[in-house]
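Observations on the three-dimensional arrangement
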Amino acid sequence: MELHTFFVYLLIMAGSTYLIRAIPFSLVREKIENKWIRSFLYYIPYAVLTAMTLPAALYATEHILSALAGIVVAVVFALWGKGLTTVAVAACGAVYVVELLW
């Protein structure tokens, strides 16, 4: 990729990221009272993070079965209220064990 093309892409991504965050602040002056809109805005970061992470997690291992095992273990440990490090270590352990058995 040429350096010029890279900077064009970089400016477009920076501009679109900035606009997504700046437009709501400039258009909405008062506090949002609508419960539906507030809950929608509250859950957007979680939905975006899931949409970006889940496909990468599914294809990060040799077999999709080990990836699914890691995701299931991570979700279970997270629902049990374990910390981030514990969840990550448990998920990695599950992937490792399934890869060894596969």
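Read on for an overview of the structure. (Residues numbered from 1 in each chain as written. Predicted model: local features only at pLDDT ≥ 70, side-chain atom pairs only at ≥ 80, totals over all residues. Heavy atoms only, no water.)

The next subject is the overall build of the chain. Scanning the chain from N- to C-terminus turns up four helices and zero strands. Secondary structure elements in the chain, listed N-terminal to C-terminal, are α-α-α-α. Radius of gyration (C-alpha) of the chain: 20 Å, far over the 13 Å computed for a compact globule of 102 residues. Considering only C-alpha atoms, the chain reaches an extent of 55 × 45 × 20 Å along its principal axes. Within the span of the chain, comprising 102 residues, buried residues form 13% of the whole. The contacts of the chain with a sequence gap of at least 6 include a subset with a gap of at least 24, amounting to 39%. When the accessible area of the chain is evaluated, it comes to approximately 8800 Å², of which 73% is carbon and sulfur surface. (Helix = DSSP H or I, 4+ residues; strand = E, 2+ residues; numbered from the N terminus. Rg over C-alpha atoms; globule rule 2.2 N^0.38 Å. Buried < 20%, exposed > 50% of the residue type's maximum accessible area, 1.4 Å probe, protein only. Contact = heavy atoms within 4.5 Å. Areas by Shrake-Rupley, 256 points an atom, 1.4 Å probe, with all protein chains shown as cover.)

A separate point is helix H2 (residues 35–58). Counted at 1.5 Å a residue, the expected span for H2 with its 24 residues is 34 Å, and the 34 Å between its end C-alpha atoms agrees. Of all the bends in H2, the greatest reaches close to 35° and is centred on Tyr43; the proline Pro45 follows between one and four positions later. Two or three places before Trp36, at the opening of H2, Asn34 has a side-chain oxygen 2.9 Å from that residue's backbone nitrogen. (Expected span 1.5 Å × (residues − 1). Bend = angle between axes of the 7 residues up to and from the residue. Polar contact = N/O pair within 3.5 Å; in protein donor to acceptor, adjacent residues only side chain to side chain.)

All right, on to the packing of aromatic side chains then. All chains considered together, the criterion is met by six aromatic pairs. On the numbers, 5.4 Å between centres and 65° between planes, the contact of Phe6 with Phe7 is edge-to-face. Taking the relative accessible area as the measure of exposure, Phe6 reaches 39% and is therefore partly exposed. For Phe7, a relative accessible area of 42% puts it in the partly exposed group. Judged by centre distance (5.8 Å) and plane angle (55°), the rings of Tyr42 and Tyr46 are tilted. (Phe/Tyr/Trp six-rings, centres within 6.5 Å; stacked < 30°, edge-to-face > 60°.)

So, on to the packing of H2 against helix H3 (residues 64–79). Relative orientation of the contacting elements H2 and H3 amounts to 135°, with a least axis distance of 8 Å. With respect to H3, the element H2 is oriented oblique. Each of Leu54, Ala57 and Leu58 in H2 lies in contact with H3, whose residues at this interface are Ile64, Ala67, Leu68 and Ile71. Grouping the amino acids of the contact of H2 with H3 by side-chain chemistry returns seven nonpolar, no polar and no charged. (Axes fitted to C-alpha atoms, helices over the stretch in contact; angles between N-to-C directions. Parallel < 35°, antiparallel > 145°, perpendicular 65-115°, else oblique. Nonpolar A, V, L, I, M, F, W, Y, C, P; charged D, E, K, R; others polar.)

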